[in-house]
Structure formats: C-alpha cells, structure tokens
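# Structure at a glance
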Amino acid sequence: MEKIIDENQQGNSLVLEQNKNNNRKLYIESYGCQMNFADSEIVASILAKEGFNTTQSMEDADLVLVNTCSIRDKAEQTIRKRLEKFNAVKRINPKMKVGVLGCMAERLKDKFLEEEKIVDMVVGPDAYKDLPNLVQEIDEGREAVNVLLSKEETYGDIAPVRLNSNGVSAFVSITRGCDNMCTFCVVPFTRGRERSRDPQSILGEVNDLWSRGFKEIILLGQNVDSYLWYGGGLKKDFDKATDIQKATAVSFANLLELVAEAQPKLRIRFSTSNPQDLTVDVIHTMAAHKNICNHIHLPVQSGSDSILKAMNRLHTRAEYFELIDNIRKILPQCAISQDMITGFPTETEEDHQQTLSLMEYVKYDFGFMFAYSERPGTLAERKMEDDVPEEVKKRRLTEIINLQRKHSHYRTQQHLGKTEEVLIEGSSKKSDEHWMGRNSQNTVVVFPKEHYQVGEFVNVKILDCTTATLIGEAIGYSDNN
Ligand code: SAM
C-alpha cells in the first residue's frame, strides 16, 4: 500500500446539470491533487459555453478529456493505461476525440502526440481559456497543442461549474503554481511560477457558493500560506511592487479573515500549508474565527535535517517543532496531518529513524506517505543518484504507515465521549441508514440518519472509533444552522 488514505475520488468522471441547447458530449476524468479536480470544473465551465454537456459514459462522448498528474511515475503509468482504454473505445467510435490536460500535458508537451497516437489535443494547466480554439482545431482534423505557462492566469473570472458535487462542500482556488523548488517535485515545472488570485474574485465566488446553499469551502493552492495579492503578478516580483502596492498587499492571514467574516456560518478549510510559510498570524486568525476549521495539512516530507536540506525544504526539524508547539499552544484542538517521502537520495537508516521520531513527537491525525519517485527535470534527478534500493524504500514506507496507523487511532480515541459539530455530506459508504460528515478536525464521523438532512450542522456524541472514523449519535442541531 502506497498511501494510508486512498484517494477514492481518483479518476472520477464529472457530470453537471445539462443545458438543453448543448448537443455535444464531454467525458472528463481527473487524477492527482485537489487542484486538478478544481481545474476540471473550470474546463467544464469553459466547454459548457462551447455546446458541451458532460456525460458519465465514455462510449457516448464526442470529446474525452483526462486531467493528468505527474507527481510520481505511478500516476503517469495509471494515465497511460487509461489512454489504452480510450483507444479501444475510439476503435468503436472513430469520431471521438481525446485530449490530455494538466501536468502530464505540460511535462511531455507535443511528445504526447507522437507517443500516444490516439491523443488529438494536449493542453497545459494555464491554457484552458484557449480550449474553444483548440477544440475547433481538432474538429477541423488538426492536432492541437497549447502548453504555454502564464504569469497572470488565475481563472479568477471563470465561474467554475460544480461537478459531481454534494452541494455542501466546494473547492475555491486561491493561488496557482509554486515557487518552492523542492528538489523532488515536478510541480514548479508543470504548473509554473506562483501567482495569487484577486481577493475580490475569491470573495465573489465564496458569496455565490453560500447563496447557492454550500456550507463549506476549501481554499486551494500548492502552498496557500504563501498567498500574496498586491494587484496581480508573480509572487517573486513583489520586490518590484510600488510602496502603495506593498502597503495594501493582502496576505493569507488577511484573506482568511476576509472570507471568514464575509460568511460567518460557512465552514472554511484550506490546503496545502508549507511549514516555511505558515505564520503565527494564520494560527491566530484560525483561533479568532469559529468558522475556520481546526485542521492544518502540514507536509514535512522527512524528519532528518540533512534530508530536509537535500530536498530544499527551507526549514529545519527544530523549526518545524517550534511551529507544531505554536499550533498546539494557540489552537490546542487543531488536527495536524502530513505528507512524507521515504527513500529520498542519500537517506540513511539514521535519517529514517529521525522521521519516525518526528512522527512520535507530532502524533499526526492522518497522513499521506509515499516512496520517493524520481521525476525527470527535477533538481534531484539531475544532481542526485536515486540510491536507496526499492525494497528499502518499501520497508521504510511500511514502517511509517504502521506508525501513522497507531497515531491515527490514538487521535481518534481522543474524541471519544465528546460532542462535536458535524456537517453532513451524504450517506455513509457502508450503510444507507447512516450519515457521513466531518467534524472541524476533518475526521469522518458516521451516525444514524434519523430526521437529519444533507448540509445540516448536527451535534454528534462520539461513542466509538476506528483508526480513521468516529462513530456516534446525533443529539440535536448545532447553533450554526
Ligand atoms: N505543495 C505541497 C508541499 O510542498 O508540501 C504538496 C505537493 S504534492 C502535490 C503532494 C505530495 O506528493 C508532496 O507533499 C509529497 O509528499 C509527494 N511528492 C511530491 N513529489 C514526489 C516524488 N518525486 N516522489 C514521491 N512523492 C512525491
């Protein structure tokens, strides 16, 4: 098992309400991070204006799109296999066109058209507004490619159509790209430099979601804490901003406050936080607003200083502990989750023990753990030998997964006997008689349905738990309804 929590959303095809005037059919599958799922909503919104309704049946589609992920080699292999499946369908329906979107499109560019003969269109993450032209190209029998990365594009002016939505929870993108240059990571090459979205367009989207009945938003970015709006432009060019731009700049803590105050009953989550950018201001803002959820996804990747340095993570183990201590002091109920990579080049047994001891210190609520996968073009690939044998990576991965299981169980047990506010998202996967929702800490809670409805905030008494789920019974509505 590569990860402790499987992303059961992976590959979901997305459907939105049908427009009667549209007569072409779009099938879209998404892989990878939450940003990709959010981007697919932007793509569907752009194509809805071009006459496409979405379908869940690939066989019926005029256009099949796959929004791809390059983060690990395994992700790319999964997508290559899906393309084989699309190829089989194309043999039955030769008029069907296939497009590759997202990070793999950006990484491989027009090589895709040579390598995967069935692909008609290749579109990078910053080129979705060009889709109307690209679709016209393929309609006229030409191949179409646009993989230009942008300095400004944030899609702030596109109202994403909510796909496969439970009508309760929605993603809102706030930054694009990443400037961190972690040596293992392909994201800066596939998603470009970091830029932030205009806070007014974020507030507009949030207010619109609230008016349509949504009860929770997740502010998204590769590194949300690095959010900085100073009138537009790349984060790295902030130095060149005018004095007035600098004085009126909006930080992530400011943005959180703006959103929390605009809709005091809307639950607010955010992801992902990079330890080097998460400030104490953000933690204080979380503490000051009841509607900002008590959960921080705070990937550390390794517990060893020498590996953190080799990864170009710009903090030490001691600085990470200081951050954890601050979170525990200011927000004692806050859940903390991690991403971890085992077997990064040069990782010794001693480094691995440091990772285990860091985990013992934090006792994360949950985590996503991966064996290192060398990615073409990254600094690690160019400058370091992938020298940890596969079986050692796997053994270390199993050890950290087992330890995380133990900690997850320890954390879920801390909720026993408490009464917690849960936002109902839908039926439990295991029982139609039970609702599934989440508490503020992002832990899944299941409880008998009784008369409660999806989208309601309910106080649930926690009676039992597994390593990942709390089991309880509702004792009434919370005052947030
Ligand atoms: N921006 C976040 C950060 O810097 O922590 C998350 C980036 S990535 C989309 C999600 C996770 O994938 C990372 O936190 C890391 O644990 C993992 N990852 C990234 N590159 C990897 C690689 N080359 N091999 C294995 N895991 C990788």
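Numbering of residues begins from 1 in every chain and follows the order in which that chain's sequence is written. Given that this is a predicted model, residues contribute local features only at a pLDDT of at least 70 and side-chain atom pairs are listed and counted only at 80 or more, while totals for whole chains, interfaces and linings are drawn from all residues. Hydrogens and waters are ignored; side-chain quantities use all the structure's heavy atoms.

### Looking at the environment of asparagine 480
Secondary structure elements are taken from DSSP: a helix is a run of H or I of four residues or more, a strand is a run of E of two residues or more, and numbering for both begins at the N terminus. Following the sequence through the fold, asparagine 480 ends up in the segment after strand S21 (469-477). In this scheme, a residue with accessible area under 20% of its type's maximum is buried, one over 50% is exposed, and one in between is partly exposed, where area comes from a 1.4 Å probe on protein chains only. Looking at asparagine 480, the relative accessible area reads 13%, which means it is buried. Note: C-alpha distance between asparagine 480 and isoleucine 217 (263 residues apart in sequence) is 15 Å. Setting aside anything within four residues of it in sequence, one finds asparagine 480 in contact with Pro264, Lys265, Glu421 and Phe457. Between N or O atoms, a polar contact is any pair within 3.5 Å; within protein, one atom must be a potential hydrogen donor and the other a potential acceptor, and residues adjacent in sequence are included only when both atoms are from side chains. A polar atom in the side chain of asparagine 480 sits 3.1 Å from the backbone oxygen of lysine 265. Between two residues, a contact is recorded if the distance between any of their heavy atoms is within 4.5 Å.

### Digging into the layout of surface pockets
A pocket here means an open set of points on a 1 Å grid, computed over the protein atoms alone, that has protein on both sides within 12 Å along at least five of seven lines. A cavity is instead a set of points where a 1.4 Å probe fits but cannot get out; residues with an atom within 4 Å of a point line either one. Grid points are joined across faces, edges and corners, and a volume is the space filled by probe spheres set on the points. In this structure, the second largest pocket occupies an estimated 350 Å³ of space. Around the second largest pocket, the lining is made up of 17 residues, and of these Arg267, Lys290, Asn291, Glu421 and Ser440 lie nearest the centre.

### Considering the site of the ligand
The near set for a molecule or strand comprises every residue that places at least one heavy atom within 4 Å of it. Taken together, 16 residues are adjacent to the ligand, and Phe184, Gln222, Gln301, Asp339 and Ser373 come closest. Measuring from an oxygen atom of the ligand, one finds a side-chain N or O atom of glutamine 301 at 2.7 Å. The contact in question runs from a nitrogen atom of the ligand to an N or O atom on the backbone of serine 373, over 2.8 Å. Using a 1.4 Å probe, the Shrake-Rupley method yields the accessible areas, and only the shown protein chains count as cover for residues. Protein contact buries 93% of the 560 Å² of open area that the ligand shows by itself.

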